[in-house]
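Secondary and tertiary structure notes
So the chains spell out like this:
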Amino acid sequence: MINYKINFVLIIFFLSNYSNAQNSPLLNLSVGMSVPAQELGGELTSTDKSGFSFINKDFVKNNYANTSGISLCGALKIPFGKKGLFAGRITGSYTFFNVFRRSFLGVTRINNTEVTVSYDSKFTSASMGFGLEFDPVSGSKIRPFLYADFKINLFSMSLIKNDNLTSLFNDSFRFGFLPGVGISYVIDKEYSLVLGGSYNFG
């Protein structure tokens, strides 16, 4: 199982008018930071006592050696009833990790010859899902909310050694579950400032 935690600090753009938000569908577009958790993190390389660097023996076997990245997300919310306390959610997202990490540069040994080497990796996740959101004070300016989504995840990963890319797996399919909470502050009829977080069990 691949687990990853996504912490969001978001500015969300609502395409529908807030005056009709209790009855009209809302389209949310957002960008946030993704933080790997558990086996999705780890160390990509290890260095022995002689100073030679190699790919960590736990890489892929026990973890995926990722660092923080960026998530692009969208959600179509369809409110139920006149009060709009509950809304159905149709969601999609694309996450790419290791955005802020530099390639590792070091020295390794190949056929008893000392050579310079660079290591890096890429990990992406594309997902689609549906779920339910609870918004207890949907008509107010400050709106706490919580939600849960069932997800279909596609994971891809590649290893880069000396600028040579090797695909380790591509479009690995997993079902997942994503609970989340947040609070939004309505700026005007189109924009809202949102602070929230979610945890993806994928």
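Summarised in this report is the structure supplied together with it. The structure presented is a predicted model; accordingly, all values stated were derived computationally and were not measured.

Thoughts on a nonpolar patch on the surface
- A surface patch of nonpolar side chains, about 660 Å² in accessible area, is lined by Ile 142, Ile 183, Tyr 185, Ile 187, Tyr 191, Leu 193 and Leu 195.
- At the level of secondary structure, the elements contributing two or more residues to the nonpolar patch comprise strand S10 (164-186) and strand S11 (191-201).
- Per-element tally for the nonpolar patch: the top contributor is S11, with 3 residues.
- You can see Tyr 191 is positioned in strand S11.

So, unusual backbone geometry
- Even without being a glycine, Asp 163 presents a positive backbone phi close to 70°.
- On the secondary structure map, Asp 163 appears in the loop between strand S9 (142-161) and S10.
- Residue classification places Asp 163 among the exposed residues on the basis of a relative accessible area of 72%.
- The residue Asp 171 is not glycine, and still its phi comes out positive at about 55°.
- Its place among the elements puts Asp 171 in strand S10.

Rules behind the numbers
- Residues numbered from 1 in each chain as written.
- Predicted model: local features only at pLDDT ≥ 70, side-chain atom pairs only at ≥ 80, totals over all residues.
- Heavy atoms only, no water.
- Patch = residues over 30% accessible without salt bridge, like charges linked within 9 Å, V, L, I, M, F, W, Y side chains within 5 Å.
- Areas by Shrake-Rupley, 256 points an atom, 1.4 Å probe, with all protein chains shown as cover.
- Salt bridge = Lys/Arg side-chain N within 4 Å of Asp/Glu carboxyl O.
- Helix = DSSP H or I, 4+ residues; strand = E, 2+ residues; numbered from the N terminus.
- Buried < 20%, exposed > 50% of the residue type's maximum accessible area, 1.4 Å probe, protein only.

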